[in-house]
Amino acid sequence: MIRGIDVGLATCHGCELVVRMRDVGDHAATACPRCDASVRFRKRNARTHVIALLVAALALYFPANALTIMYTEQFPERRADTILSGVRYLWARGSWGLAMIVFAASIVVPVLKLGALGFLVVSTTRHSAWRPRARTRLYRSLEVIGHWSMLDVFVVALLTAVVQLGQFARVKPGPAVLPFAGVVILTMLASASFDARAIWDRGMRE
Amino acid sequence: VPAAELVLCSYCDTVHRRIEPAGREIMRCVVCDSPVYRGDGDLGAMLAVTVTAAIAFLVANALPLLTLSSGSHQTRATLWHAIAASYDRELPFVAIALTLTLIVAPAIELGLLLWLLVPLCLRTLPLGFTSTMGLLRTLRPWRMVGVFFLGVIVAVVKLAALATAVPGWGMFGVAVLALALASLSSFDLGTLWRRAGEVAP
């Protein structure tokens, strides 16, 4: 199979036009004739960006899970929930389906994203030829599930906002909300920075 | 072969020759099985979905998402009331996050789409076509209305412990908006570029 980089063709990231590149080589850039964006064969410094974003996300991951995400107060009862205890609360109330959805979105997806992106970066750095199709599929699934982790942030924001309207209870966001939103945004940026073509640059089977 | 007839797989860089599928079928890469492109959709249909989304957006903003009752006390919570209340109670982050994801982002996206689609359907080139397309492409991955809808459902269940919460018409608007936006992302933006190429002098 012919690849774009071998015949001097690249896709513009701005408008998806296939551009005939004027120079060859890894760092060649040509202005897109349609939208004037700078067209390259590969995303620039992709690996460095992904690693930096992953490290930042990992650093925020711990406060995001250990700290309180939501305070609830309805006289005489007070609760301080972390993400995990929020899931347990839903489960204990009998909302098993929702508990599982929140567990998947808030706990499984962020871990999966950090782990899978780390694995993709390591395997492409080592020019691994191991199952490139499966690794590409793994990357595509990360793109799809990425933003669903925002679920808990919305729940806290909504509950807080709605409860302000009534006089029956008080709900306040906890210190974990910002780090948690940070993890989700940083991992979304990290998966957008990864260049899946790196999987195939060395792993091509003829 | 002219470059315009070629497509590169964005996941593995394999060169494909573009063939027009019958409908809006998804064409997959022979090497890595990723979706490469899909058949051109009808711009009129895309405009219709955008208008539907715009109406749903107004409904989601204007009508109550929830009606809360606790004892004799009853509150209808529209999105705007909830945002204003959290701003007044010194929770600016909550207010800003909700405003950006639920009001500003969908309003910009729908506005840009209308700005592009109405002239293109009338076969003229919209003003600032290139930069508008760029903005639309940048915003697409950050769309969160679907996640918000699931968030409302979880919030209702959690609220049930504090008060009786009944979903209102605003929530129906959010659901339709999420569906319409999902259906819009199944249209290839390349379709707009090709139509613009046809109508440009």
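(A) Up close: the overall build of chain A. In terms of helices and strands, chain A carries 8 helices and 7 strands. A globule of 206 residues ought to have a C-alpha radius of gyration of about 17 Å, yet chain A, at 22 Å, is considerably larger. Each principal axis of the C-alpha distribution contributes one length, and for chain A these read about 70 × 35 × 25 Å. Classification of the 206 residues of chain A by burial places 51% in the buried group. Residue pairs at least 24 apart in sequence account for 60% of intrachain contacts in chain A once pairs closer than 6 positions are excluded. Of the roughly 10200 Å² of accessible surface on chain A, 62% is carried by carbon and sulfur atoms. Positive and negative charge centroids in chain A, built from 25 and 13 side chains respectively, lie 3 Å apart.

(B) A look at the packing of helix α6 (residues 151-165) of chain A against helix α2 (residues 79-88) of chain B. Packing of α6 of chain A against α2 of chain B brings their axes to within 8 Å, and their N-to-C directions diverge by 85 degrees. It follows that α6 of chain A is roughly perpendicular to α2 of chain B by the angle criterion. Seen from α6 of chain A, the contacting residues are Ala161, Val162, Gln164 and Leu165 of chain A; seen from α2 of chain B, they are His81, Ala82, Ala85 and Ser86 of chain B. Of the residues in the contact of α6 of chain A with α2 of chain B, the class split is 5 nonpolar, 3 polar and no charged.

(C) Local environment of the sheet that holds strand β7 (residues 164-167) of chain B. Residue and element names in this part refer to chain B. Ordered in space as β6-β5-β7, the 3 strands form an open sheet in which the pairing is antiparallel. One side of each edge strand has no neighbouring strand; the edge strands of this open sheet are β6 (73-77) and β7. Direction aside, neighbouring strands of the sheet carry axes that sit 15 degrees apart on average. Judged from the 4 bridges that link them, strand β5 (residues 66-70) and β7 form a sheet pairing that is antiparallel.

Parameters at a glance
- Residues numbered from 1 in each chain as written.
- Chains lettered and ligands numbered in written order.
- Predicted model: local features only at pLDDT ≥ 70, side-chain atom pairs only at ≥ 80, totals over all residues.
- Heavy atoms only, no water.
- Helix = DSSP H or I, 4+ residues; strand = E, 2+ residues; numbered from the N terminus.
- Rg over C-alpha atoms; globule rule 2.2 N^0.38 Å.
- Buried < 20%, exposed > 50% of the residue type's maximum accessible area, 1.4 Å probe, protein only.
- Contact = heavy atoms within 4.5 Å.
- Areas by Shrake-Rupley, 256 points an atom, 1.4 Å probe, with all protein chains shown as cover.
- Lys, Arg positive; Asp, Glu negative; His and termini not counted.
- Charge placed at Lys NZ, Arg CZ, Asp CG, Glu CD.
- Axes fitted to C-alpha atoms, helices over the stretch in contact; angles between N-to-C directions.
- Parallel < 35°, antiparallel > 145°, perpendicular 65-115°, else oblique.
- Nonpolar A, V, L, I, M, F, W, Y, C, P; charged D, E, K, R; others polar.
- Pairing = 2+ DSSP bridges.

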